[in-house]
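# Results of the structural survey
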Amino acid sequence: MNVEQVYKDSSALLQGHFKLSSGNHSEYYLQSAKVLEDPKTAKMLAVALAKQIKDSGIKVDAVCSPALGGIIAGFALATALDVRFIFAERVDGVMSIRRGFEVKDGENYVMCEDIITTGGSALEAAKQVEASGGNIVAFAALANRGFCSRVGNNADPKANCKLPANTPLFALDDFTFEMYAPEDCPLCKEGKSEAYKPGSRGN
Ligand code: ZN
């Protein structure tokens, strides 16, 4: 499956001059919500991701996602794996598991995001699951932004990858785009456009 083409076909791979949540600038932006807007596409991607996890032989009891971005991908993955789904959310900036979700001692969790960039939110949510007695047996995402090492590509993780090296990351593809600090951004230097955050202009 060509995941990049799936993103393009869903108008989810945007080209322009973007300000990422990290503050860096990029010519590309991934709008995973657009890919997951079509349940058939969400299911197709989740089934492919679930197959990787099943083929690895890892036993999974449940999937957890950090809200909000990971929820649809995580729910679709849990459906494909036929296991429970819970999510963690930020309350006053701190990742928490609420809403009556119960993590039982010794349960095996996959922590699922839509896209893994540095993995910061996934790691915070994973720590909450572990603090409640669960095990994080894998991380998963539709795509890996190329900072972390995923099963099957064996590239070394970059220094800014926050995911633990001893837990596998499953993803369908690598999306490696350049990111620039604002002062080094070639698009800014061109002077033809200003970086903007997708979603801030009604899109
Ligand atoms: Zn710029």
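What counts and how
- Residues numbered from 1 in each chain as written.
- Predicted model: local features only at pLDDT ≥ 70, side-chain atom pairs only at ≥ 80, totals over all residues.
- Heavy atoms only, no water.
- Axes fitted to C-alpha atoms, helices over the stretch in contact; angles between N-to-C directions.
- Helix = DSSP H or I, 4+ residues; strand = E, 2+ residues; numbered from the N terminus.
- Parallel < 35°, antiparallel > 145°, perpendicular 65-115°, else oblique.
- Left-handed = near helix turned anticlockwise from the far one by under 90°.
- Contact = heavy atoms within 4.5 Å.
- Nonpolar A, V, L, I, M, F, W, Y, C, P; charged D, E, K, R; others polar.
- Donors = N, O, S within 2.8 Å, 3.2 Å for Na, K, Ca; no water.
- Tetrahedral: all angles 85-135°; square planar, octahedral: opposite > 155°, others 65-115°.
- 1 Å grid on protein atoms, 1.4 Å probe; cavity = no way out; pocket = protein on both sides within 12 Å on 5 of 7 lines; lining within 4 Å.
- Points joined across faces, edges and corners; volume = space filled by probe spheres on them.

## Here's the deal with the packing of helix H3 (residues 39-56) against helix H4 (residues 71-81)
Contact pair H3 / H4: the axes reach a minimum separation of 8 Å and the direction vectors enclose 60°. With respect to H4, the element H3 is oriented oblique. Crossing angle aside, the handedness with which H3 passes H4 is right-handed. Across the interface between the two elements, Ala42, Ala46, Val47, Leu49, Ala50, Ile53 and Lys54 of H3 pack against Ala76, Leu77, Ala80 and Leu81 of H4. Split by residue class, the contact of H3 with H4 holds 10 nonpolar, no polar and one charged.

## With respect to the coordination of the zinc ion
Only His17 (NE2), His25 (ND1), Cys185 (SG) and Cys188 (SG) from the protein reach the zinc ion as donors, at distances of 2.1 to 2.3 Å. In this structure, the zinc ion is coordinated by four donor atoms arranged in tetrahedral fashion, with angles at the metal of 96 to 116°. Read in sequence order, the donor residues for the zinc ion give the motif H-x7-H-x159-C-x2-C. You can see His17 sitting in strand E1 (residues 13-19) and its partner Cys185 sitting in the loop between strand E8 (169-174) and helix H6 (186-190), a full 168 residues away along the chain.

## Quick notes on the layout of surface pockets
Computed from the structure, the largest pocket encloses a volume of approximately 1,000 Å³. For the lining of the largest pocket, the secondary structure elements donating two or more residues are strand E2 (25-30), helix H2 (32-35), H4, strand E6 (108-116) and helix H5 (120-131). Residues of the lining of the largest pocket, tallied by class, amount to 16 nonpolar, 14 polar and six charged. Reported here for the second largest pocket is a volume of approximately 170 Å³. Looking at side-chain class alone, the lining of the second largest pocket contains nine nonpolar, two polar and one charged residues.

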